[in-house]
Amino acid sequence: MKDLYRWDNLTRPEIEKLRDEDAIVIIPLGATEQHGPHLPVGTDALTAQALAGMAARTLDETYGRRAVVAPTIAVANSIHHMSFPGTITLRPETYMRMLLEYCECLAHHGFHKIVILNAHGGNVIPTETAIININEALGFPVYFMEHKLGGEKIFPEILETQKGGIHACEKETSMMLALYPELVDPIYKETKGGNVTKDNYPGPAKPYTFQRMEEKTDNGSVGNAYAATPEKGQRLVEVTVANVARIISEIWA
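Notes on the structure follow.

Quick look at unusual backbone geometry
Here is step 1 of the chain: Going from Y201 to P202, the amide bond is cis rather than trans, its omega being -10 degrees.
Here is step 2 of the chain: The topology assignment puts P202 in the loop between α6 (170–179) and α7 (230–251).
Here is step 3 of the chain: One non-glycine residue, N195, lies in positive phi territory at about 55 degrees.
Here is step 4 of the chain: Looking at the secondary structure, you find N195 in the loop between α6 and α7.
Here is step 5 of the chain: When its relative accessible area of 66% is taken as the criterion, N195 is described as exposed.

Next up, the structure:
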């Protein structure tokens, strides 16, 4: 069935109409990387795309703002996962250049309200850096936001063993159980990693350095997938979509 909120489902005249309506373009930003023994390597990209689609619909139906979801960026910065099979990554400099050229295409076709919706923590630093060059090149601000933005006070009320998301954990597994249950291996019920609890999440602040995932986990998971449920996932999705749509609507209020 044709999805009128997906750029790749639309014809040229339909995209031209969105341009003329000054539509918001949401770019889902994910990754292709290992997610423990129980989640697919496309988890971040799949999650970003689903949330972006629901947010675009909410922007239209709740806020009266036209929005369209651009093709998902499914390969980004996942160098820290390369010791685990299944991971595909770009070098940070390649990724940042790709993101610039992607946004230049949108701007070339007349779209000037662009927000990048991220579902992978490893993308944060290179994307925030790329935004400097993107905004300088385009002459208008492109915005970058993580999908968790605005949910920090609500997520701890939903999750039992964590305060927020980490990697292939209670939060991420719950959301996948709600969005794509057929892709979640039942072994999640036995999976945890990193000895995460509500008391030690996220832990005290430390000086930053680059670390590979094998320094944090031996099974590719950080957090408590065993505590995941579809019910938690549905609540997390609802909270996330509501916050994402509200925050985007406020950018161009």
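From this point, the discussion proceeds with the structure in view.
Concerning the layout of surface pockets
Here is step 1 of the chain: Space inside the largest pocket adds up to approximately 1900 Å³.
Here is step 2 of the chain: In this structure, the largest pocket is lined by 47 residues; those nearest its centre are G121, G165, I166, P202 and K216.
Here is step 3 of the chain: Looking at the lining of the largest pocket, the elements that each hand over two or more residues are α2 (43–63), α4 (124–138) and α6.

Quick notes on the pattern of salt bridges
Two side chains that carry opposite charge are able to pair once their charged atoms sit near each other.
Here is step 1 of the chain: A complete count under the given rule lists 13 salt bridges for this structure.
Here is step 2 of the chain: Across the pair E14 and K2 runs a salt bridge whose closest N-O atoms are separated by 2.8 Å. One end of the pair, E14, is in helix α1 (residues 12–20); the other, K2, is in the segment before α1, and twelve residues separate them in sequence.
Here is step 3 of the chain: On the accessibility criterion, E14 (27% relative accessible area) is partly exposed.
Here is step 4 of the chain: The class of K2 is partly exposed, set by a relative accessible area of 42%.
Here is step 5 of the chain: With a shortest N-O distance of 2.5 Å, K17 and E21 are connected by a salt bridge.
Here is step 6 of the chain: Via salt bridges that share partners, K17, E21, D60 and R66 belong to a single interconnected network.

Brief notes about the pairing of strand β4 (residues 143–146)
Here is step 1 of the chain: Taken together, the four bridges between strand β3 (residues 114–118) and β4 define a ladder with parallel strand orientation. By the bridge assignment, N118 is partnered in β4 with E146.
Here is step 2 of the chain: A crossover connection joins β3 to the parallel β4 through α4; in handedness this β-α-β unit is right-handed.

Things to note about the environment of Y188
Here is step 1 of the chain: Secondary-structure assignment places Y188 in the loop between α6 and α7.
Here is step 2 of the chain: Residues Y188 and M82, 106 residues apart in the sequence, show an inter-C-alpha distance of 22 Å.
Here is step 3 of the chain: Setting aside anything within four residues of it in sequence, one finds Y188 in contact with H38, T173, L177, A225, Y226 and A228.

Quick look at the packing of aromatic side chains
Remark: the centre distance and the inter-plane angle together describe each pair of aromatic rings, the angle taken between the planes.
Here is step 1 of the chain: Counted according to the given criterion, the structure contains two aromatic pairs.
Here is step 2 of the chain: With centroids separated by 5.2 Å and ring planes inclined at 55 degrees, the aromatic side chains of W7 and F111 adopt a geometry described as tilted. On the criterion of sequence distance, the pair formed by W7 in the segment before α1 and F111 in the loop between α3 (92–108) and β3 is long-range, its members being 104 residues apart.
Here is step 3 of the chain: F111 sits in the buried class, given a relative accessible area of 2%.
Here is step 4 of the chain: Centroid distance Y143 to W252: 5.5 Å. Interplanar angle 90 degrees. Geometry classified as edge-to-face. Note that Y143 is positioned in strand β4 and W252 in the segment after α7, a separation of 109 residues in sequence.
Here is step 5 of the chain: Of the residues examined, W252 reaches a relative accessible area of 16% and is grouped as buried.
Here is step 6 of the chain: Here the guanidinium or amino end of K171 rests over the ring plane of F155, the centre of that ring lying 4.7 Å away.

Rules of the game
- Residues numbered from 1 in each chain as written.
- Predicted model: local features only at pLDDT ≥ 70, side-chain atom pairs only at ≥ 80, totals over all residues.
- Heavy atoms only, no water.
- Helix = DSSP H or I, 4+ residues; strand = E, 2+ residues; numbered from the N terminus.
- Buried < 20%, exposed > 50% of the residue type's maximum accessible area, 1.4 Å probe, protein only.
- 1 Å grid on protein atoms, 1.4 Å probe; cavity = no way out; pocket = protein on both sides within 12 Å on 5 of 7 lines; lining within 4 Å.
- Points joined across faces, edges and corners; volume = space filled by probe spheres on them.
- Salt bridge = Lys/Arg side-chain N within 4 Å of Asp/Glu carboxyl O.
- Pairing = 2+ DSSP bridges.
- Right-handed = clockwise from strand over helix to strand, strands pointing away.
- Contact = heavy atoms within 4.5 Å.
- Phe/Tyr/Trp six-rings, centres within 6.5 Å; stacked < 30°, edge-to-face > 60°.
- Lys NZ or Arg CZ within 6 Å of the ring centre and 35° of its normal.

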